[in-house]
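# What the coordinates show
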Amino acid sequence: MNACEVIENIKVVPVVVFNNIDQTIPMLNALNEGDIPVAEICFRTDCARECIKLAVKNFPQMLIGAGTVINAEQCKQAIEVGAKFIVSPGLSESVAKECQKNNIPYFPGVATPTEIMQALELGLTNLKFFPASIYGGLKAIKALSSAFPAVRFMPTGGVSDENIKEFLEFDKIFACGGSWMVKGTPEEIKEKCLKTRKIIKGEN
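Given the structure is predicted, the values throughout are model-derived calculations rather than measurements.

## Looking at the side chain of T156
- With respect to the helices and strands, T156 occurs in the loop between β8 (152-155) and α8 (164-168).
- The residues touching T156, leaving out its near neighbours within four places in the chain, are V15, K128, F129, F130, P131, A132, G177 and G178.

Following this line, the structure appears as structure tokens:
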């Protein structure tokens, strides 16, 4: 499966922020054991590049991507160390072109019709809707989907175990992103991940 297919299969993308490289192995272990073998490692800390490199090396069975990528230079660095997908809080044409050049999926953040049209002009149809709770949540996504039937969304920001099932029931949502399951000790994170996956599978 390619990166998009893996994400669509798992249905949830944990958004992870590392403040030091020592956090990488315990966190990735917890996600993997929690049945969520995906991680979007935010590129907004000094150690992010090395954390991605370490994660890719030690967890080849997991899908490791870079998040909060806001320019082409960050994108290049993330891809160089093995990131398999790129996520941005907004839409960057230079990041989109860098990803296309390297055949790496890019999920830019959008919140308005204009941003969606700009993404479509770049050939992008799988988009991050961010921050979802601020910009109208599921109601907004349904309204935007009627105008843009080719687009699918990954809402991020305000998603939790309480509403993820409702989001995923809408056919234009291919996955949800968030950080609610990556807080606490490694054991707590593992249990939160298992709980989230059960909800997604309809077992909870």
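Now that the structure has been shown, the text picks up again.
## Considering the environment of R44
- Note that R44 resides in the loop between β2 (38-42) and α3 (48-58).
- A relative accessible area of 54% means that R44 is categorised as exposed.
- The spacing of R44 and E98 is 54 residues in sequence and 19 Å in space, taken between C-alpha atoms.
- Non-local contacts of R44, meaning those with residues more than four positions away in its chain, are made with V17 and T68.

## Focus on the side chain of T24
- Looking at the element boundaries, T24 is found in helix α2 (residues 24-33).
- Looking at T24, the relative accessible area reads 0%, which means it is buried.

## Examining the packing of helix α4 (residues 72-80) against helix α5 (residues 93-101)
- Look at α4 against α5: their axes get within 8 Å of each other, and the N-to-C directions meet at 30 degrees. Accordingly, the angle class assigned to the pair α4 and α5 is roughly parallel. Between α4 and α5 lies a crossing whose hand is right-handed. Residues A72, C75, K76 and I79 of α4 pack against S94, V95, E98 and C99 of α5.
- Partitioned by chemical class, the residues of the contact of α4 with α5 number five nonpolar, one polar and two charged.

What counts, and at which threshold
- Residues numbered from 1 in each chain as written.
- Predicted model: local features only at pLDDT ≥ 70, side-chain atom pairs only at ≥ 80, totals over all residues.
- Heavy atoms only, no water.
- Helix = DSSP H or I, 4+ residues; strand = E, 2+ residues; numbered from the N terminus.
- Contact = heavy atoms within 4.5 Å.
- Buried < 20%, exposed > 50% of the residue type's maximum accessible area, 1.4 Å probe, protein only.
- Axes fitted to C-alpha atoms, helices over the stretch in contact; angles between N-to-C directions.
- Parallel < 35°, antiparallel > 145°, perpendicular 65-115°, else oblique.
- Left-handed = near helix turned anticlockwise from the far one by under 90°.
- Nonpolar A, V, L, I, M, F, W, Y, C, P; charged D, E, K, R; others polar.

Shape descriptors only; they carry no functional weight alone.
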